[in-house]
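Residues per chain are reported as follows:
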Amino acid sequence: MFNLSVVGLGLVVRRQFILADEKTANDVSVIEVLQRFEQDFATFSKAVENGEFAFWIGSGISRNAPNLGDLLIKAAEFLREKAVVEDGNGKFSNTLRELLEIAEFGPELLDSNLQVQFSDWPDQEAIISRLWNQYSEVLDLRVPDEDSDYILWDAIGIREAFENPAPPAIEHLCIAALILEGVVRNIASANWDTFIEQAVEKLSPGASNIIQVVVDPIQLRTPPGRARLLKFHGCIRHATDEPGTFRKYLTGSTTQISDWPQTPLFAAVRNELVGIATNQKALGMGLSMQDQNLHQTISRAKEVNPWPWPSEPNAPGYVFCEDRLKAGQRAALRLVYRDSYDANAADIIAGAHLRAWPEQVLIGLLLQLTFHKLDYLLNDWVANIGKDDFNAELSASLKSCRDFIANSATDNRQTFFDQAHLTWPRLLSLYRKGTVPKSAGTYEAISATSLSQLPGDQLARDSHLGQLALALCLINYGRTQGLWTLLPALNDEIEGGSLTVTGTWPGAEPRPLFIVKSVTEAIILEKDGAFEGQGAIVVHADNLWPRLRPDGGSTRSARSPRSSPGRNASVRTTHLSLEAMLEKSDNLQNLNTEFVTQASV
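Calculation criteria
Residues numbered from 1 in each chain as written. Predicted model: local features only at pLDDT ≥ 70, side-chain atom pairs only at ≥ 80, totals over all residues. Heavy atoms only, no water. Helix = DSSP H or I, 4+ residues; strand = E, 2+ residues; numbered from the N terminus. Buried < 20%, exposed > 50% of the residue type's maximum accessible area, 1.4 Å probe, protein only. Contact = heavy atoms within 4.5 Å. Areas by Shrake-Rupley, 256 points an atom, 1.4 Å probe, with all protein chains shown as cover. Lys, Arg positive; Asp, Glu negative; His and termini not counted. Charge placed at Lys NZ, Arg CZ, Asp CG, Glu CD. Salt bridge = Lys/Arg side-chain N within 4 Å of Asp/Glu carboxyl O. Patch = residues over 30% accessible without salt bridge, like charges linked within 9 Å, V, L, I, M, F, W, Y side chains within 5 Å. pLDDT = per-residue confidence, 0-100. Pairing = 2+ DSSP bridges. Axes fitted to C-alpha atoms, helices over the stretch in contact; angles between N-to-C directions. Expected span 1.5 Å × (residues − 1). Phe/Tyr/Trp six-rings, centres within 6.5 Å; stacked < 30°, edge-to-face > 60°. Lys NZ or Arg CZ within 6 Å of the ring centre and 35° of its normal. Parallel < 35°, antiparallel > 145°, perpendicular 65-115°, else oblique. Left-handed = near helix turned anticlockwise from the far one by under 90°. Nonpolar A, V, L, I, M, F, W, Y, C, P; charged D, E, K, R; others polar. Core = buried A, V, L, I, M, F, W, Y, C linked by side-chain atoms within 4.5 Å. Polar contact = N/O pair within 3.5 Å; in protein donor to acceptor, adjacent residues only side chain to side chain.

### Here's the deal with the overall build of the protein chain
The secondary structure content of the protein chain amounts to 28 helices and 12 strands. In terms of overall dimensions, the protein chain has C-alpha extents of about 95 × 55 × 50 Å along its principal axes. Burial status across the protein chain gives 56% buried among its 601 residues. Considering only residue pairs separated by 6 or more positions, the protein chain has 72% of its internal contacts joining residues 24 or more positions apart. Carbon and sulfur atoms provide 49% of the accessible area of the protein chain, an area that totals close to 24,800 Å². On the protein chain, the mean spot of the 55 positive side-chain charges and the mean spot of the 74 negative ones are 5 Å from each other.

### Focus: the pattern of salt bridges
Counting across every chain of the model gives 28 salt bridges. Between arginine 247 and aspartate 147 there is a salt bridge whose closest N-O contact spans 3.2 Å. Of this pair, arginine 247 sits in the loop between helix H14 (243-246) and helix H15 (254-259) while aspartate 147 sits in the loop between helix H8 (135-139) and helix H9 (150-155); the two residues are 100 residues apart in sequence, bridging distant segments of the chain. Through salt bridges with shared partners, one network takes in Glu38, Lys399, Arg402 and Asp403.

### Comments concerning a negative patch on the surface
Taken together, the side chains of Asp388, Asp389, Glu393 and Asp586 present a region of like negative charge at the surface. Along the chain, aspartate 388 turns up in the loop between helix H20 (358-384) and helix H21 (391-406). Looking at aspartate 388, the relative accessible area reads 46%, which means it is partly exposed.

### What about the confidence of the model for the protein chain?
Of the residues in the protein chain, 93% reach a pLDDT of 70 or more, and the chain-wide mean stands at 91. In this model residues 1-21 is a low-confidence stretch, pLDDT under 50, and it forms 78 contacts with partners more than four residues away in sequence or in other chains. Note that pLDDT drops below 50 for residues 554-569; the model gives that stretch 30 contacts with residues more than four away or on any other chain.

### A word on the pairing of strand S12 (residues 574-577)
Of the two faces of S12, the one holding Thr574 and Leu576 and the one holding His575 and Ser577 are both buried throughout. Two elements, strand S11 (residues 537-540) and S12, share 4 bridges in a ladder whose sense is parallel. What sits directly across from valine 539, in S12, is leucine 576.

### Side note on the sheet that holds strand S6 (residues 318-321)
Strand order in this open sheet of 7 strands is S3-S4-S2-S1-S5-S6-S7, and the pairing throughout is parallel. Single-partner strands in this sheet number two, and they are strand S3 (211-214) and strand S7 (353-354). Note: strand S1 (residues 53-57) against strand S2 (residues 186-189), 3 bridges, orientation parallel. Bridge pairing in S2 places phenylalanine 55 opposite isoleucine 187. Taken strand by strand, helix H3 (residues 42-49) contacts S1, strand S5 (281-285), S6 and S7, and its axis lies near 95° from that of S1.

### Describing helix H5 (residues 91-102)
For H5, with 12 residues, the first-to-last C-alpha span of 17 Å sits near the 16 Å given by 1.5 Å per residue. The set of residues buried in H5 consists of Phe92, Ser93, Thr95, Leu96, Arg97, Leu99, Leu100 and Ile102. Positive phi shows up at glutamate 104, right after H5, with a value of about 65°.

### Notes on the sheet that holds strand S8 (residues 484-488)
Ordered by their spatial adjacency, 5 strands build an open sheet running S8-S9-S10-S11-S12, and the pairing between neighbours is mixed. Either end of the sheet is taken by a strand with one partner, and the two such strands are S8 and S12. For this sheet, the mean angle separating the axes of adjacent strands, direction not counted, is 25°.

### Things to note about the pairing of S2
Residues Asn186 and Ala188 line one face of S2 and the alternating positions Ile187 and Ser189 line the opposite face, and both faces are buried. Across 4 bridges, S2 lies against strand S4 (residues 227-231) in parallel orientation. Across the sheet, isoleucine 187 pairs through a bridge with leucine 229, a residue of S4.

### Re the packing of aromatic side chains
Taken as a whole, this structure holds 14 aromatic pairs when the rule is applied. Here the aromatic rings of phenylalanine 37 and phenylalanine 44 are separated by 6.0 Å at their centres, their planes lie at 55°, and the arrangement is tilted. Taken as a pair, phenylalanine 37 and phenylalanine 44 share a single burial class, namely buried. Between phenylalanine 44 and phenylalanine 53, the ring centres sit 5.1 Å apart and the planes meet at 80°, which makes this aromatic pair edge-to-face. Each member of the pair, phenylalanine 44 as well as phenylalanine 53, carries the same accessibility label: buried. Counting every residue linked through ring pairs, the aromatic cluster contains Phe232, Phe246, Tyr249, Trp260 and Phe266. Sitting over the ring of phenylalanine 92, lysine 82 keeps its end group 5.6 Å from the ring centre. Over the face of the ring belonging to tryptophan 260 we find arginine 270, whose NZ or CZ atom lies 5.9 Å from the ring centre.

### Let's talk about the packing of H21 against helix H24 (residues 465-480)
Put simply, H21 and H24 touch, their axes get as near as 9 Å, and they point 70° apart. In terms of orientation, H21 lies roughly perpendicular with respect to H24. Helix-helix and strand crossings are classified by hand; for H21 and H24 the assignment is left-handed. Mapping the contact onto sequence places Leu394, Ser397, Leu398, Ser400, Cys401 and Phe404 in H21 and Ala469, Leu470, Leu472, Cys473, Asn476, Arg479 and Thr480 in H24. Residues belonging to the contact of H21 with H24 are distributed by class as follows: 8 nonpolar, 4 polar and 1 charged.

### Some words on the environment of glutamate 163
You can see glutamate 163 is positioned in the loop between helix H10 (158-161) and helix H11 (170-180). Each C-alpha atom of the pair glutamate 163 and isoleucine 236 lies 9.2 Å from the other, and the pair is 73 residues apart in sequence.

### Digging into the nonpolar core
The biggest cluster of nonpolar side chains holds 177 residues, and the ones touching the most others in it are Phe44, Phe55, Trp56 and Ile175. A per-element tally of this core places H20 first, with 13 residues. Residues Leu430, Phe514, Ala530 and Phe531 belong to the second largest nonpolar core, which totals 12 residues.

### A closer look at helix H28 (residues 588-599)
Counted at 1.5 Å a residue, the expected span for H28 with its 12 residues is 16 Å, and the 16 Å between its end C-alpha atoms agrees. Regarding H28, its N-cap is asparagine 587, as a side-chain oxygen of that residue lies 3.1 Å from the backbone nitrogen of glutamine 589 further along. Just past H28, the residue serine 600 takes up positive phi, approximately 45°.

Quick look at the structure:
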């Protein structure tokens, strides 16, 4: 296992000791995670949706950070080159011998390989393998007359290592989306990388006050954001840009980790972490929890306001996304629940162990939150117009939509997420504004409030997203009945629509499908030529289009949905009104049938 010095670089090794008949975290699908959210982790998922959890982040979600082995090789070669200059006798030579000693090799190894590039040493792989879990000790090596962090700053060249960061991964983008949806207020990160900050910028380019990054205590007094990111072991971007202020916060060596709980430099951030651990439940992702500084934080929080066991009807105080709980995580649970632990260890561990990697869990949480918000807004709207007897069936239909999407996240979750990351903002933007997003991938939140705050969010309740949810239910019904297939927009142009629907009869052509909030968005789209493509289907939330276009605008070719008009026939734009269909439907089945008839795909 790594301690947090390695976590700080965003590097992780996953060791698995799994029984043959058990699924590993690698094998768990997004739909299976969602099923657990409805079963043994129901209180957990509900609490996340209500903003009750803080996220505690470690290296497991930063797979694209610099490779630890490469950094160790670079440090060893740096010291060897310095040792050559001093002919094997001097401060750099002695430091390299100490490094070899950490790897349990004798000093004579340097004498016999001084003139050989380190990557060509016969024992190079064994040395790096042994140093891998002793990385904090490597950072603790001192070179006389040099700064205490010389190994990190100069030998490893940590600034250069992070100079061209990879794009944020699925995990970081999901966290950013959950921030924008108002359910993540605090993130405690041991990582030096900037993946979360990059993700927030990618989803909300140019937006201010989304996330408040805290490395130096002075930053606690800066304007707050929707969420606060406490980088309690430092930040490489800040250290690179302003080394005079932020370099000292990079924490990774054994001495730094041990001194962290008492060092005045970290006092203000420590107090904030204790406050978070006291008042918010913790979701640990990629964080081994083996370092004593975190254990002391938990212990201080426990003394102020301990988490109870059993936790029902509330969620447990700590949940970890892991294949197997690590020793440090089990130790954290013993600290959290103290006197209750011994008699309830099995139940406590079961309640804290969500067997899936953060990637699957975060996708699942974002899907769950999205459809629960839509479900609330749909039921709220339908009840207000006197159709509340539809609610139970509509909720089941929305869940079917959610599961259809989740089942697409199987073989290649990256491909799935990349497509979803483009499709959902596009669909919402076309619905709300009648335009495609100015920047591809810019996130469109349903609301900036958590699920529990939604009833008091009048802006969200007046957003007509309940009608959008109904449209999704009706469109998905046709898919489940085998009448048509659904795909994302076939191109990035506005004529591509929100989605693509294709009839299942022979020779059926793909048709762009638009969902619009009102006649205003429909007019904007019409002026921009959005409906000039082959057979656009426009689903209107309101009933004003017929008044503006008594003839329907452009009439469609009359045909049975099961008969092919021939590949050369002209298929005209079709306009449908959700409000009109709902008014004359006595039950959901009648509404589904009416939609299928009018859509005539």
